[in-house]
Amino acid sequence: MAESIYGKHEDEMHEVMEYLMERIRDGSKIIGEKTGIEVIEHLKCRIKSEESMREKCRRMGLPESEESALHVLHDAIGLRVVCSFLDDVYAIRDFIASCEEIDIVNEKDYIRNVKPSGYRSYHMIIMVRGYYAEIQIRTISMDTWAALEHHIRYKKNIKGNASLIFEELKECADELASTDVRMQIIKNMIMEEENI
């Protein structure tokens, strides 16, 4: 059997992943205590599988090596944080950024800068203890759309109606984004009323 593309780093990678999960849960608790509302709907994590990492290296024209997996590509460790409301996405982002032991390498705000497909999410590439991790933070609506879009786009060989299908997907994304905004407004109204 070939040596793992991660070399002897998998145990440390799992420790980093668990550490990040713990920190994000801590942040959720702190933010939730201030607002009185649960911040995170769910939190998922993974170490990219051997097969998936090797396939990505091939797709990117990189050697299938530890160097590529851990230093060139930045998503061997992945976390998805699904929040209840839009402002929770940015509150979690700010909490992560405030952690001294976490270095932010790159950020992409696909909520304010929506992808042409309609995809929305907040992406962070961070480094902890010498390991890169990708964190995606999104609302329940964004997560639902991304999951359904993935099934449609990547699991089917779309030909004839492709442009119409992708137009419909974009429209669904926009409608869900509108719902996120409206739910945020309702949350803000309730919080204002409680503070009176």
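Asker: Outline the sheet that holds strand β4 (residues 122–128), supporting the account with residue identities and numerical values.
Answerer: Ordered by their spatial adjacency, five strands build an open sheet running β1-β2-β5-β4-β3, and the pairing between neighbours is mixed. The open sheet has two edge strands, β1 (40–47) and β3 (103–109), and neither has a second partner. With strand direction ignored, the average angle separating the axes of adjacent strands in the sheet is 15°. Bridging between β1 and strand β2 (residues 77–83) involves seven bridges; their strand directions are antiparallel. When the bridges of β2 are listed, Arg 46 appears paired with Gly 78. Across the sheet, helix α1 (residues 10–35) is in contact with β1, β2, β4 and β5 (131–139); its angle to β1 comes to roughly 170°.

Asker: Describe the pattern of salt bridges, and please don't skip the residues or the numbers.
Answerer: Enumeration according to the criterion identifies 16 salt bridges in this entry. A salt bridge links Arg 93 to Asp 94, with the shortest nitrogen-to-oxygen separation between them at 2.9 Å. Here Arg 93 falls in the buried class, since its relative accessible area comes to 17%. Among the residues examined, Asp 94 registers a relative accessible area of 43% and is labelled partly exposed. Ionic contacts of the salt-bridge type, sharing partners, join the residues Glu 50, Arg 54, Arg 58 and Glu 64 into one network.

Asker: Talk me through α1; I want residue IDs and the actual numbers.
Answerer: Helix length check: α1, at 26 residues, gives a terminal C-alpha distance of 37 Å against a target of 38 Å (1.5 Å per residue), a fit within 8%. Those residues of α1 lying buried are Met 13, Val 16, Met 17, Tyr 19, Leu 20, Met 21, Ile 24, Gly 27, Ser 28, Ile 31 and Gly 32. Where α1 is buried, its residues contact β1, α3 (66–72), β2, α4 (86–98), β4 and β5. Once α1 finishes, Gly 36 follows within two positions and takes phi at roughly 80°, a positive value.

Asker: Please give an account of the nonpolar core that cites residues and values.
Answerer: Most often, soluble globular proteins keep nonpolar side chains buried together rather than apart. If you look at the biggest cluster of nonpolar residues, it comprises 42 residues, and the most contacted ones within it are Tyr 6, Leu 20, Ile 77, Val 81, Ile 92, Ile 135 and Ile 137. Contributions of two or more residues to this core are made by α1, β1, α2 (50–59), α3, β2, α4, β4 and β5. Take this core: its biggest share by element is eight residues, from α1. Ignoring any residue separated from it by four or fewer positions in sequence, one finds Ile 77 in contact with Met 13, Val 16, Met 17, Arg 46, Ile 47, Tyr 131, Tyr 132, Ala 133 and Glu 134. The next biggest cluster of nonpolar side chains, apart from the first, holds six residues, and it includes Tyr 110, Trp 145, Ala 146 and Leu 169.

Asker: Can you tell me about empty space enclosed by the protein, naming the residues and giving the values?
Answerer: With the rule as written, the count across this model stands at one cavity of 30 Å³ or more. Reported here for the largest cavity is a volume of approximately 50 Å³. Ranked by the residues each element gives to the lining of the largest cavity, the list is headed by helix α6 (residues 162–195), at four residues. By residue class, the composition of the lining of the largest cavity is five nonpolar, two polar and two charged.

Conventions we followed
Residues numbered from 1 in each chain as written. Predicted model: local features only at pLDDT ≥ 70, side-chain atom pairs only at ≥ 80, totals over all residues. Heavy atoms only, no water. Pairing = 2+ DSSP bridges. Helix = DSSP H or I, 4+ residues; strand = E, 2+ residues; numbered from the N terminus. Axes fitted to C-alpha atoms, helices over the stretch in contact; angles between N-to-C directions. Contact = heavy atoms within 4.5 Å. Salt bridge = Lys/Arg side-chain N within 4 Å of Asp/Glu carboxyl O. Buried < 20%, exposed > 50% of the residue type's maximum accessible area, 1.4 Å probe, protein only. Expected span 1.5 Å × (residues − 1). Core = buried A, V, L, I, M, F, W, Y, C linked by side-chain atoms within 4.5 Å. 1 Å grid on protein atoms, 1.4 Å probe; cavity = no way out; pocket = protein on both sides within 12 Å on 5 of 7 lines; lining within 4 Å. Points joined across faces, edges and corners; volume = space filled by probe spheres on them. Nonpolar A, V, L, I, M, F, W, Y, C, P; charged D, E, K, R; others polar.

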